[in-house]
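A closer look at the structure
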Amino acid sequence: MHGHMHAMVGQVQAAAQKAGVEIDFVLQVGDFEAHRHEEDLETMCSPAKYRKLGEFAHYHSGQATFPWPIHFIGGNHEPYGFLDRLKAGQAAENCFFLGRVASVEIQGLRVVGLSGIERARCLGGRPPIGGKGTKNYVGFTEDEVLQAASAGPADVLLLHDWPAGVVDPLDAEQFRYGHRAGGVDSIGNASARLVVDELRPNWVLCGHMHRSYRTEIRHRDGSRTSFAGLAKVGTPAAVAIFAVEEGRIVEVTKAQAAGNALP
Ligand SMILES: [Fe+2]
(Lines give C-alpha, C1' and ligand atoms only; values in the text may rest on other atoms or scores of the structure.)
Protein backbone atom coordinates (compact mmCIF):
# COMPACT_ATOMS: atom_id res chain seq x y z
CA MET A 1 0.00 0.00 0.00
CA HIS A 2 2.89 2.36 0.82
CA GLY A 3 0.58 4.91 2.42
CA HIS A 4 -2.00 4.98 -0.40
CA MET A 5 -5.00 4.38 1.87
CA HIS A 6 -7.55 6.25 -0.27
CA ALA A 7 -6.60 4.30 -3.41
CA MET A 8 -6.81 1.01 -1.49
CA VAL A 9 -10.30 1.83 -0.20
CA GLY A 10 -11.36 2.71 -3.75
CA GLN A 11 -9.87 -0.46 -5.24
CA VAL A 12 -11.48 -2.73 -2.64
CA GLN A 13 -14.84 -1.03 -3.13
CA ALA A 14 -14.59 -1.33 -6.92
CA ALA A 15 -13.55 -5.00 -6.74
CA ALA A 16 -16.40 -5.78 -4.33
CA GLN A 17 -18.90 -4.05 -6.55
CA LYS A 18 -17.62 -5.89 -9.63
CA ALA A 19 -17.82 -9.22 -7.79
CA GLY A 20 -21.22 -8.38 -6.31
CA VAL A 21 -20.15 -9.03 -2.72
CA GLU A 22 -20.06 -7.18 0.59
CA ILE A 23 -16.70 -6.89 2.36
CA ASP A 24 -16.57 -8.18 5.96
CA PHE A 25 -12.94 -7.27 6.65
CA VAL A 26 -9.64 -6.63 4.90
CA LEU A 27 -6.27 -8.31 5.48
CA GLN A 28 -3.23 -6.31 4.42
CA VAL A 29 0.20 -7.82 3.72
CA GLY A 30 2.63 -5.16 4.94
CA ASP A 31 4.28 -1.94 3.79
CA PHE A 32 1.07 -0.35 5.02
CA GLU A 33 2.94 2.77 6.26
CA ALA A 34 0.88 3.82 9.25
CA HIS A 35 2.60 7.19 9.78
CA ARG A 36 0.63 9.38 12.18
CA HIS A 37 2.90 12.39 11.67
CA GLU A 38 6.34 13.42 10.44
CA GLU A 39 8.13 12.00 13.51
CA ASP A 40 6.87 8.49 12.68
CA LEU A 41 8.66 8.74 9.32
CA GLU A 42 11.99 8.89 11.14
CA THR A 43 11.64 5.28 12.30
CA MET A 44 10.87 3.94 8.81
CA CYS A 45 13.63 2.27 6.81
CA SER A 46 13.42 3.83 3.36
CA PRO A 47 15.38 5.84 0.80
CA ALA A 48 14.72 9.58 1.34
CA LYS A 49 12.70 9.89 -1.89
CA TYR A 50 10.08 7.45 -0.55
CA ARG A 51 9.94 8.97 2.94
CA LYS A 52 6.53 10.59 2.60
CA LEU A 53 3.77 10.99 5.17
CA GLY A 54 1.12 9.26 3.08
CA GLU A 55 -2.58 9.12 3.87
CA PHE A 56 -2.73 7.16 7.11
CA ALA A 57 -2.63 10.43 9.09
CA HIS A 58 -6.11 11.24 7.71
CA TYR A 59 -7.44 7.97 9.16
CA HIS A 60 -5.59 8.41 12.44
CA SER A 61 -6.98 11.91 12.96
CA GLY A 62 -10.53 10.86 12.08
CA GLN A 63 -10.71 12.91 8.86
CA ALA A 64 -11.28 9.63 7.03
CA THR A 65 -12.49 6.21 8.21
CA PHE A 66 -11.96 2.76 6.75
CA PRO A 67 -15.38 1.42 5.71
CA TRP A 68 -14.57 -2.04 7.12
CA PRO A 69 -12.08 -3.39 9.67
CA ILE A 70 -8.57 -3.64 8.21
CA HIS A 71 -5.92 -5.84 9.83
CA PHE A 72 -2.30 -5.38 8.78
CA ILE A 73 1.12 -6.90 9.35
CA GLY A 74 4.37 -4.97 9.04
CA GLY A 75 6.63 -5.01 6.00
CA ASN A 76 10.10 -3.54 5.57
CA HIS A 77 8.86 0.05 5.23
CA GLU A 78 6.96 0.83 8.40
CA PRO A 79 7.12 3.31 11.29
CA TYR A 80 8.34 0.59 13.63
CA GLY A 81 8.84 3.18 16.36
CA PHE A 82 5.05 3.51 16.49
CA LEU A 83 4.20 -0.14 15.74
CA ASP A 84 6.64 -1.71 18.21
CA ARG A 85 5.34 0.53 21.02
CA LEU A 86 1.78 -0.37 20.05
CA LYS A 87 2.86 -4.06 19.96
CA ALA A 88 -0.51 -5.10 18.56
CA GLY A 89 -3.86 -3.39 18.55
CA GLN A 90 -5.83 -0.48 17.21
CA ALA A 91 -3.81 1.98 15.11
CA ALA A 92 -6.85 4.02 13.98
CA GLU A 93 -10.60 3.54 13.89
CA ASN A 94 -11.37 0.23 12.16
CA CYS A 95 -7.62 -0.36 11.67
CA PHE A 96 -5.58 -2.92 13.60
CA PHE A 97 -1.88 -3.80 13.64
CA LEU A 98 -1.57 -7.56 14.12
CA GLY A 99 1.87 -7.36 15.74
CA ARG A 100 5.29 -8.82 14.95
CA VAL A 101 3.73 -12.27 15.28
CA ALA A 102 -0.02 -12.75 15.22
CA SER A 103 -2.35 -15.62 15.87
CA VAL A 104 -5.91 -14.37 15.99
CA GLU A 105 -9.42 -15.33 15.07
CA ILE A 106 -11.13 -12.82 12.79
CA GLN A 107 -14.80 -13.43 12.12
CA GLY A 108 -14.35 -17.18 12.42
CA LEU A 109 -11.07 -17.42 10.46
CA ARG A 110 -7.79 -18.37 12.11
CA VAL A 111 -5.21 -15.84 10.89
CA VAL A 112 -1.49 -16.12 11.58
CA GLY A 113 0.86 -13.30 10.63
CA LEU A 114 4.58 -12.61 10.65
CA SER A 115 5.77 -9.02 10.21
CA GLY A 116 9.04 -7.99 8.56
CA ILE A 117 11.40 -9.61 6.10
CA GLU A 118 14.30 -12.04 6.42
CA ARG A 119 17.43 -10.14 7.35
CA ALA A 120 20.41 -12.10 8.63
CA ARG A 121 21.43 -9.36 11.10
CA CYS A 122 18.00 -9.44 12.76
CA LEU A 123 17.55 -13.20 13.03
CA GLY A 124 19.55 -13.33 16.27
CA GLY A 125 17.54 -10.46 17.79
CA ARG A 126 16.78 -6.80 17.12
CA PRO A 127 18.11 -3.81 19.07
CA PRO A 128 15.40 -1.85 20.91
CA ILE A 129 13.71 0.69 18.67
CA GLY A 130 14.82 4.26 19.13
CA GLY A 131 18.46 4.06 18.13
CA LYS A 132 19.97 4.69 14.73
CA GLY A 133 19.96 2.22 11.87
CA THR A 134 16.35 1.67 10.94
CA LYS A 135 17.37 -1.29 8.77
CA ASN A 136 17.92 -3.23 11.97
CA TYR A 137 14.22 -3.11 12.84
CA VAL A 138 12.75 -4.46 9.60
CA GLY A 139 13.78 -8.09 9.96
CA PHE A 140 11.96 -10.77 11.90
CA THR A 141 13.93 -12.69 14.53
CA GLU A 142 14.44 -16.44 14.63
CA ASP A 143 12.21 -16.51 17.72
CA GLU A 144 9.40 -14.80 15.83
CA VAL A 145 9.73 -17.23 12.93
CA LEU A 146 9.45 -20.17 15.32
CA GLN A 147 6.53 -18.57 17.17
CA ALA A 148 4.67 -18.09 13.88
CA ALA A 149 5.52 -21.63 12.75
CA SER A 150 3.92 -23.06 15.89
CA ALA A 151 0.92 -20.71 15.94
CA GLY A 152 -1.40 -23.01 14.02
CA PRO A 153 -3.87 -24.12 13.03
CA ALA A 154 -4.19 -21.38 10.43
CA ASP A 155 -6.73 -20.79 7.70
CA VAL A 156 -4.78 -17.79 6.41
CA LEU A 157 -1.11 -16.92 6.81
CA LEU A 158 -0.02 -13.32 6.18
CA LEU A 159 3.62 -12.77 5.22
CA HIS A 160 5.24 -9.71 3.72
CA ASP A 161 7.92 -11.28 1.51
CA TRP A 162 7.22 -14.50 -0.37
CA PRO A 163 8.26 -17.97 0.82
CA ALA A 164 11.17 -19.54 -1.07
CA GLY A 165 10.41 -21.95 -3.88
CA VAL A 166 6.89 -20.85 -4.77
CA VAL A 167 7.41 -19.74 -8.36
CA ASP A 168 6.79 -22.45 -10.94
CA PRO A 169 9.87 -22.80 -13.20
CA LEU A 170 7.48 -22.49 -16.15
CA ASP A 171 6.72 -18.93 -14.99
CA ALA A 172 10.39 -17.99 -14.51
CA GLU A 173 10.52 -15.74 -17.56
CA GLN A 174 8.00 -13.24 -16.15
CA PHE A 175 10.19 -12.74 -13.06
CA ARG A 176 13.26 -11.63 -14.99
CA TYR A 177 12.11 -8.03 -15.17
CA GLY A 178 10.34 -5.45 -13.04
CA HIS A 179 10.41 -4.80 -9.31
CA ARG A 180 12.97 -6.96 -7.49
CA ALA A 181 13.94 -8.76 -10.69
CA GLY A 182 16.74 -11.24 -10.27
CA GLY A 183 15.47 -14.63 -11.32
CA VAL A 184 13.36 -17.25 -9.64
CA ASP A 185 16.07 -18.41 -7.23
CA SER A 186 16.28 -14.97 -5.65
CA ILE A 187 12.57 -14.84 -4.83
CA GLY A 188 11.35 -15.46 -1.31
CA ASN A 189 13.09 -16.64 1.82
CA ALA A 190 13.60 -19.88 3.73
CA SER A 191 12.10 -18.61 7.02
CA ALA A 192 8.78 -17.77 5.39
CA ARG A 193 8.81 -21.16 3.68
CA LEU A 194 9.39 -22.90 7.00
CA VAL A 195 6.32 -21.17 8.46
CA VAL A 196 4.19 -22.19 5.46
CA ASP A 197 5.40 -25.80 5.61
CA GLU A 198 4.75 -26.06 9.35
CA LEU A 199 1.30 -24.43 9.32
CA ARG A 200 0.05 -25.75 5.98
CA PRO A 201 -2.63 -23.02 5.87
CA ASN A 202 -5.48 -22.93 3.37
CA TRP A 203 -4.04 -19.70 1.92
CA VAL A 204 -0.84 -17.70 2.23
CA LEU A 205 -1.05 -14.03 1.20
CA CYS A 206 2.06 -11.95 0.49
CA GLY A 207 3.08 -8.51 -0.79
CA HIS A 208 6.58 -6.99 -1.14
CA MET A 209 7.22 -8.04 -4.75
CA HIS A 210 4.68 -5.59 -6.20
CA ARG A 211 3.30 -8.23 -8.52
CA SER A 212 0.37 -10.56 -8.73
CA TYR A 213 0.92 -14.30 -8.79
CA ARG A 214 -1.10 -17.39 -7.95
CA THR A 215 0.10 -20.94 -7.42
CA GLU A 216 -0.26 -23.91 -5.10
CA ILE A 217 2.28 -25.17 -2.59
CA ARG A 218 2.12 -28.95 -2.20
CA HIS A 219 3.00 -30.45 1.16
CA ARG A 220 4.47 -33.87 1.92
CA ASP A 221 1.25 -35.03 3.59
CA GLY A 222 -0.65 -34.37 0.36
CA SER A 223 -2.29 -31.15 1.55
CA ARG A 224 -1.99 -27.95 -0.45
CA THR A 225 -1.68 -24.27 0.34
CA SER A 226 -2.96 -21.74 -2.16
CA PHE A 227 -0.58 -18.83 -2.67
CA ALA A 228 -1.49 -15.27 -3.62
CA GLY A 229 1.12 -12.59 -4.24
CA LEU A 230 -0.62 -9.22 -4.37
CA ALA A 231 0.41 -6.32 -6.59
CA LYS A 232 0.98 -2.75 -5.42
CA VAL A 233 -2.06 -0.63 -4.65
CA GLY A 234 -2.84 1.55 -7.65
CA THR A 235 -2.04 -1.22 -10.14
CA PRO A 236 -4.38 -4.00 -11.31
CA ALA A 237 -4.59 -7.13 -9.14
CA ALA A 238 -3.55 -5.31 -5.94
CA VAL A 239 -6.73 -6.61 -4.35
CA ALA A 240 -8.06 -10.13 -4.04
CA ILE A 241 -11.49 -10.99 -2.67
CA PHE A 242 -12.16 -14.29 -0.94
CA ALA A 243 -15.29 -16.03 0.27
CA VAL A 244 -15.73 -18.95 2.64
CA GLU A 245 -17.65 -21.73 0.92
CA GLU A 246 -18.27 -25.05 2.65
CA GLY A 247 -15.37 -24.48 5.03
CA ARG A 248 -12.85 -23.64 2.28
CA ILE A 249 -11.62 -20.21 1.33
CA VAL A 250 -12.08 -19.56 -2.37
CA GLU A 251 -10.93 -16.59 -4.39
CA VAL A 252 -13.76 -14.59 -5.92
CA THR A 253 -11.47 -12.41 -8.05
CA LYS A 254 -9.80 -15.29 -9.91
CA ALA A 255 -10.31 -13.82 -13.35
CA GLN A 256 -8.39 -10.67 -12.42
CA ALA A 257 -5.52 -12.65 -10.92
CA ALA A 258 -5.21 -15.24 -13.68
CA GLY A 259 -3.11 -12.97 -15.86
CA ASN A 260 -0.27 -12.91 -13.29
CA ALA A 261 -0.01 -9.25 -14.25
CA LEU A 262 3.40 -7.67 -14.29
CA PRO A 263 3.68 -4.40 -12.34
FE1 LIG B 1 8.32 -4.58 1.09
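All of the points below concern the structure found in this document. Computed from a predicted structure; not experimentally measured. (Residues numbered from 1 in each chain as written. Predicted model: local features only at pLDDT ≥ 70, side-chain atom pairs only at ≥ 80, totals over all residues. Heavy atoms only, no water.)

**Details of the packing of helix α6 (residues 142-149) against helix α7 (residues 190-199)**
Between α6 and α7, the least distance of the axes is 8 Å, while the angle of their chain directions is 20°. Relative to α7, the element α6 is oriented roughly parallel. Where α6 crosses over α7, the two elements pack in a sense that is right-handed. Of the residues in α7, those in contact with V145, A148 and A149 of α6 are S191, L194, V195, E198 and L199. Of the residues contributing to the contact of α6 with α7, the split by class is six nonpolar, one polar and one charged. (Axes fitted to C-alpha atoms, helices over the stretch in contact; angles between N-to-C directions. Helix = DSSP H or I, 4+ residues; strand = E, 2+ residues; numbered from the N terminus. Parallel < 35°, antiparallel > 145°, perpendicular 65-115°, else oblique. Left-handed = near helix turned anticlockwise from the far one by under 90°. Contact = heavy atoms within 4.5 Å. Nonpolar A, V, L, I, M, F, W, Y, C, P; charged D, E, K, R; others polar.)

**Brief notes about the state of the cysteines**
What makes a disulfide is a covalent bond joining the sulfur atoms belonging to two cysteines. One pass over the structure, following the stated rule, counts zero disulfides. Free cysteine C95: the closest other cysteine sulfur is in C206, separated by 20 Å. Take C95: its relative accessible area is 0%, and that puts it in the buried class. With no disulfide partner, C206 has as its closest neighbouring cysteine sulfur the one in C122, 19 Å distant. (Disulfide = S-S within 2.5 Å. Buried < 20%, exposed > 50% of the residue type's maximum accessible area, 1.4 Å probe, protein only.)

**Section: the coordination of the iron ion**
Ligation of the iron ion by protein atoms is provided by D31 (OD), N76 (OD1), H160 (NE2) and H208 (ND1), these donors lying 2.2 Å from the ion. In this structure, the iron ion is surrounded by four donor atoms whose angles at the metal cover 88 to 167°, and the resulting shape is irregular. Read in sequence order, the donor residues coordinating the iron ion give the pattern D-x44-N-x83-H-x47-H. A residue pair is termed long-range when its members are at least 10 positions apart, and D31 in the loop between β1 (26-28) and α2 (38-41) and H208 in the loop between β8 (203-206) and β9 (213-218) qualify at 177 residues. (Donors = N, O, S within 2.8 Å, 3.2 Å for Na, K, Ca; no water. Tetrahedral: all angles 85-135°; square planar, octahedral: opposite > 155°, others 65-115°.)

**Things to note about the sheet that holds strand β4 (residues 95-97)**
The pairing of strands in a sheet comes from backbone hydrogen bonds and takes either a parallel or an antiparallel form. Reading across the sheet, the four strands line up as β1-β2-β4-β3 and stay open at both edges, with mixed pairing between neighbours. Either end of the sheet is taken by a strand with one partner, and the two such strands are β1 and β3 (89-92). If you compare each strand with its neighbour and ignore which way they point, the axes differ by 30° on average. Sheet topology note: the strand β2 (residues 70-72)/β4 ladder contains three bridges and is parallel. Each residue of the ladder has a partner; that of F72, found in β4, is F97. (Pairing = 2+ DSSP bridges.)

**As for the nonpolar core**
If you look at the biggest cluster of nonpolar residues, it comprises 33 residues, and the most contacted ones within it are M8, F32, F56, F66, F72 and C95. Looking at this core, the elements with two or more residues in it are α1 (5-19), α3 (56-61), β2, α4 (80-86), β3 and β4. Counting residues per element, this core draws most heavily on α1, at six residues. With sequence-adjacent residues up to four places away left out, C95 is seen in contact with F32, F56, F66, I70, F72, G89 and Q90. (Core = buried A, V, L, I, M, F, W, Y, C linked by side-chain atoms within 4.5 Å.)

**Section: the pairing of β9**
As judged from the six bridges shared by β9 and strand β10 (residues 224-229), these two strands associate in the antiparallel manner. Residue pairing for β10: Y213 is matched across the bridge by G229. Hairpin connection from β9 to β10: five residues lie between these consecutive antiparallel strands, with G222 at a positive phi of about 95°.

**Digging into the sheet that holds β8**
A sheet is described by the order of its strands in space; here six strands give the open sequence β5-β6-β7-β8-β10-β9, paired in mixed fashion. With one partner strand each, in any of the chains shown, β5 (101-106) and β9 form the two edges of the open sheet. When strand polarity is set aside, the average angle formed by the axes of neighbouring strands in this sheet is 20°. Of the strand pairs in this sheet, strand β6 (residues 109-114) and strand β7 (residues 156-159) are connected by four bridges, and their pairing is parallel. Within β7, the position partnered with L114 by the bridge is L159. Against the sheet, α6 makes contact with β5 and β6, and its axis sits at roughly 165° relative to β6, the strand it touches most. Across the face of the sheet, α7 comes into contact with β6, β7, β8, β9 and β10 while running at roughly 175° to β7.

By themselves these figures say nothing about function.
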